[in-house]
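The residues making up each chain are set out below.
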Amino acid sequence: MGLVEMKGILQKAEQGQYGVGAFSVANMEMVLGAIQAAEELRSPLIIQIAEVRLSYSPLHLIGPMMVEAAREATVPVAVHFDHGLTREKIKQALDIGFTSVMFDGSHFPLKENIKRTKQIVELVKPFGATVEAEIGQVGGSEDGTVDTEVSLTDIEEAKQFAMETQVDALAIAIGNAHGIYKGKPCLQLDHLEAIHEQVDLPLVLHGGSGIDPHDFKKCIQHGIRKINVATATFNQVIHQVNKETPYRDYFSHHRDVIMATTENVKHHIKIFGSDYKV
Ligand SMILES: [Zn+2]
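None of these values were measured; they are calculated from a predicted model.

Calculation notes
Residues numbered from 1 in each chain as written. Predicted model: local features only at pLDDT ≥ 70, side-chain atom pairs only at ≥ 80, totals over all residues. Heavy atoms only, no water. Disulfide = S-S within 2.5 Å. Buried < 20%, exposed > 50% of the residue type's maximum accessible area, 1.4 Å probe, protein only. Core = buried A, V, L, I, M, F, W, Y, C linked by side-chain atoms within 4.5 Å. Contact = heavy atoms within 4.5 Å. Helix = DSSP H or I, 4+ residues; strand = E, 2+ residues; numbered from the N terminus. Right-handed = clockwise from strand over helix to strand, strands pointing away. Pairing = 2+ DSSP bridges.

A. Representation of the state of the cysteines in the model. Applying the stated rule across the entire model yields zero disulfides. Of all cysteine sulfurs in the structure, the one in cysteine 219 sits closest to cysteine 186, which takes part in no disulfide; the separation is 12 Å. Taking relative accessible area as the criterion, cysteine 186 reaches 55% and is therefore assigned exposed. By relative accessible area, which is 0% here, cysteine 219 ends up buried.

B. Region of the structure containing the nonpolar core. Among the nonpolar cores identified, the biggest contains 74 residues, and Leu45, Ile47, Met66, Phe81, Phe98 and Leu170 are the most heavily contacted of them. Discounting chain neighbours no more than four positions away, the residues touching isoleucine 47 are Phe23, Val25, Val31, Ala34, Met66, Val77, Ala78, Val79 and His80. Counting 13 residues, the second largest nonpolar core, distinct from the first, contains Tyr18, Ile46, Ala78 and Ala171.

C. Representation of the pairing of strand E3 (residues 45-50). Taken across its six residues, E3 has six buried, putting it largely inside the fold. Once the chain exits strand E2 (residues 20-24) it traverses helix H2 (residues 28-40) before rejoining the sheet at E3, and the crossover so formed is right-handed. Of the strand pairs in this sheet, E3 and strand E4 (residues 76-84) are connected by six bridges, and their pairing is parallel. Note on E4: the bridge partner recorded for alanine 50 is aspartate 82. Note on the crossover from E3 through helix H3 (residues 59-72) to E4: the handedness is right-handed.

Written as structure tokens, this is what we have:
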């Protein structure tokens, strides 16, 4: 157990027909909280950080901590670099020991996305890590600064992309969005079903904060194996911390961040059905 490649986690999820949460972490407390949740529920786990968050949590500091925490876990944990934008940072994550990276070229035209993704697949090969890529346009942006329009993944393009790039997992756009949904999320489940029939890869759902449990389960039925959850954790932490203000001592705050993260991660693990799978 401990640190594992993401590919293996997703293959097992495919066999068992469940989903695995990929939880964004920003500090040590969240790393500890997420791993505690997975250990309590005997679930595989993915912890991740996106390139746009590195101005808050420098990769050379948080990266080794994530990897070391995964190594010591009693359940399988993959450490994933989310929304990699630059070759330099993706390489740094691999050197630190991340077992999975995402390259997000979804804003490029198909041909350019394929070309750039293939270059990352080549870069990753010697490390034996997993590669996730994205096609179609997920709404919003990882850090909430850009309000990207949703544009559904084209099925033919997804097929071509999967075949030509040989990536291990594919993030798709079916009406999902990053951050907080403006209205009730309206996922195009028929479209997901069609992608799943045509593309033989574990599918990834970004923007998992705010989707209701019923829709999560439908997505999992139609081939979603990795589900990214970021905002829900951060909001749960803020909620918990606000409840306790003012704090009498710093370490109560520290404990509350861990506890809020554990609660949120456990909540999602149960919905995704990855509990008691290890
Ligand atoms: Zn994302």
